[in-house]
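# Observations on chain architecture
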Amino acid sequence: MSENAKSAVLSLGGKDYTFPVYDGTVGPSVVDISTFYRDTNAFTYDPGFTATASCESKITYIDGDEGVLLYRGYPIEQLAEHGDFIETCYLLLYGDLPNVSQRKEFETAITYHSMLHEQMTKFFSGFRRDAHPMAVMVGVVGAMSAFYHDSTDINDPQQREIASRRMVAKLPTIAAMAYKYYAGQPLVYPRNDLSYSANFLQMCFAVPCEEYKINPVLSRAMDRIFILHADHEQNASTSTVRLAGSSGANPFACIAAGIACLWGPAHGGANEAALTMLGEIGTPDRIPEFVKRAKDKNDPFRLMGFGHRVYKNYDPRAKIMQKTAHEVLGELGIQDDPLLDVARELEQVALNDEYFVERKLYPNIDFYSGITLRALGFPTTMFTVLFALARTVGWIAQWKEMIEDPHQRIGRPRQLYTGPTHREYKPMSNR
Ligand code: SDX
């Protein structure tokens, strides 16, 4: 927060109130209203937090009008092109790209903590086979706090570090086991000779009957997808993790809360919903019917994978995801995926339709991710699990930043109350 605080004056009830204004290194300034209620006896009101900065952060910057996304200052396009997920994890957690020795130490630690406590594998068989894998993720990740008691004290920096690395390392194993259980196949253990993303793919798709062959193009695509989903400022699930963490809840419980929030179709569940929508549309000739429904205020249907609270320009991740979709389909020899044809046509229709142009509704990261993930072999129910796997490092980085902020307090918003005022209890005979 810059030292050269300016100020803002607000008039309320014929009286002027002055509040400090702080500038960040880039992006909108903030008006510090932390004394607003004490000074004015009124609350500010911002449902959905469309104009509210909940914290100060140094991790991820988004410029929605310019379509910019920076992780610790590095553009997502450069990280996706030149980097990999392990170094992106290091960058988000520790603030800069690792050098050779830092990367080796970090990658080795993650590799050698990818196994679960063997007793945890029993959890999976407690679920119905057809349980949605996100339900399994919420349950098993939350249950980590029942197994790793030596890293739940949030006030101990060493324990915070151990918990952080345990989750980055074990989420792929939990996600893969959730998939294997859902698919009715034997659980596959991590291999220490593989990269993070190649290891994840082998845990998902290896079977005892034959040797699993790593496809470098597909594991590179998986790695890039993880990079794109790693963090995204104060989105709904990250805010959930911060709010849960502000009460002092253990890190595993906080990440489980983030997974639960991400599941919603308006948020991380949109990749699953977008692919389902493309399937419902089926062929390009049915696009006008669905676009009409998306514009109809009386119809709850929305074009999944379109629109964003922050991006009022193209989501930079969507462009990279579209390129990745083509690479994966090309590598797998899938020439004409009918859903890709529908997606391309739908994108063109929407980008030229006044309703979407006026509201600045562009494809977001979820629009093309479903096509790519399906081509990689994942069922639609696994799409948000993959999003949660990748976003875990961002949630942890944001949680650590909050815990280590000396000014942090428990989050406790207020309300505009419009319910009944005081009234006396009525006995049944008077109701
Ligand atoms: C993610 O926050 C993040 O950073 C999230 C995320 C991340 O990395 O963490 O980027 C990941 O969640 C991406 C978003 C995925 N969700 C979807 O694709 C679901 C479909 N999108 C919409 O539900 C919606 O666009 C939201 C939820 C993403 C954004 O909602 P807002 O900001 O609250 O916008 P809004 O609902 O106020 O919409 C503004 C207008 C409305 O019309 P009017 O009332 O002005 O007439 O645009 C319309 C909306 O009806 N609108 C849409 C639409 N999205 C918004 N109309 C049709 N289809 C859509 N998809």
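This structure is a prediction, so every number in the text was calculated from the model and none was measured.

### Concerning the site of the ligand
Of all residues adjacent to the ligand, which total 24 residues, the nearest are His232, His308, Arg309, Arg317 and Arg391. Here a nitrogen atom of the ligand and a backbone polar atom of Phe306 are 2.9 Å apart. Taking His308, its side chain carries an N or O atom lying 2.6 Å from an oxygen atom of the ligand. In isolation the ligand offers 1,100 Å² of accessible surface; the protein chains occlude 78% of this area.

### Regarding the nonpolar core
Among the nonpolar cores identified, the biggest contains 114 residues, and Phe200, Met222, Leu346 and Phe378 are the most heavily contacted of them. With 14 residues, the top contributor of residues to this core is helix α18 (residues 383-403). In this structure Met222 touches Ser197, Phe200, Leu201, Leu373, Leu376, Phe378 and Leu386, once residues within four positions along its chain are discounted.

### Here's the deal with the pattern of salt bridges
This model, assessed by the stated rule, comprises 25 salt bridges. Across the pair Arg128 and Asp130 runs a salt bridge whose closest N-O atoms are separated by 2.6 Å. For Arg128, a relative accessible area of 61% corresponds to the exposed category. With a shortest N-O distance of 2.9 Å, Glu289 and Arg286 are connected by a salt bridge. The partly exposed category is assigned to Arg286, whose relative accessible area is 32%. Three or more residues joined by partner-sharing salt bridges are found here, namely Glu105, Arg160, Glu161, Arg165, Lys400 and Glu404.

### Description of the pairing of strand β1 (residues 6-12)
Of the strand pairs in this sheet, β1 and strand β2 (residues 15-22) are connected by seven bridges, and their pairing is antiparallel. Within the sheet, the bridge partner assigned to Lys6 lies in β2 and is Val21. Taking the residues that link successive antiparallel strands as the turn, the β1-β2 hairpin has two residues, and the phi of Gly13 there is positive, at about 60 degrees.

### A few points about the side chain of Lys400
Positionally, Lys400 belongs in helix α18. We classify Lys400 as buried; its relative accessible area is 8%. Every residue in contact with Lys400, bar those within four places of it in the chain, is listed here: Leu93, Glu161 and Ser164.

### Some details on the sheet that holds β2
Here three strands make up an open sheet; going across it, the order is β1-β2-β3 and the pairing antiparallel. One side of each edge strand has no neighbouring strand; the edge strands of this open sheet are β1 and β3 (30-31).

### Quick word on the sheet that holds strand β4 (residues 60-63)
Sheet architecture is open: three strands sit in the order β4-β5-β6, paired in antiparallel fashion. Edge positions in the sheet fall to β4 and β6 (74-75), since each of these pairs with one other strand and no more. As judged from the four bridges shared by β4 and strand β5 (residues 68-71), these two strands associate in the antiparallel manner. By the bridge assignment, Asp63 is partnered in β5 with Val68.

### Thoughts on the state of the cysteines
One pass over the structure, following the stated rule, counts zero disulfides. Cys55 takes part in no disulfide bond, and the closest cysteine sulfur, belonging to Cys254, lies 14 Å away. Classification of Cys55 by relative accessible area gives partly exposed; the value is 28%. The cysteine Cys209 is free of any disulfide, with Cys204 supplying the nearest cysteine sulfur at 16 Å.

The rules behind each value
Residues numbered from 1 in each chain as written. Predicted model: local features only at pLDDT ≥ 70, side-chain atom pairs only at ≥ 80, totals over all residues. Heavy atoms only, no water. Near = heavy atom within 4 Å. Polar contact = N/O pair within 3.5 Å; in protein donor to acceptor, adjacent residues only side chain to side chain. Areas by Shrake-Rupley, 256 points an atom, 1.4 Å probe, with all protein chains shown as cover. Core = buried A, V, L, I, M, F, W, Y, C linked by side-chain atoms within 4.5 Å. Buried < 20%, exposed > 50% of the residue type's maximum accessible area, 1.4 Å probe, protein only. Helix = DSSP H or I, 4+ residues; strand = E, 2+ residues; numbered from the N terminus. Contact = heavy atoms within 4.5 Å. Salt bridge = Lys/Arg side-chain N within 4 Å of Asp/Glu carboxyl O. Pairing = 2+ DSSP bridges. Disulfide = S-S within 2.5 Å.

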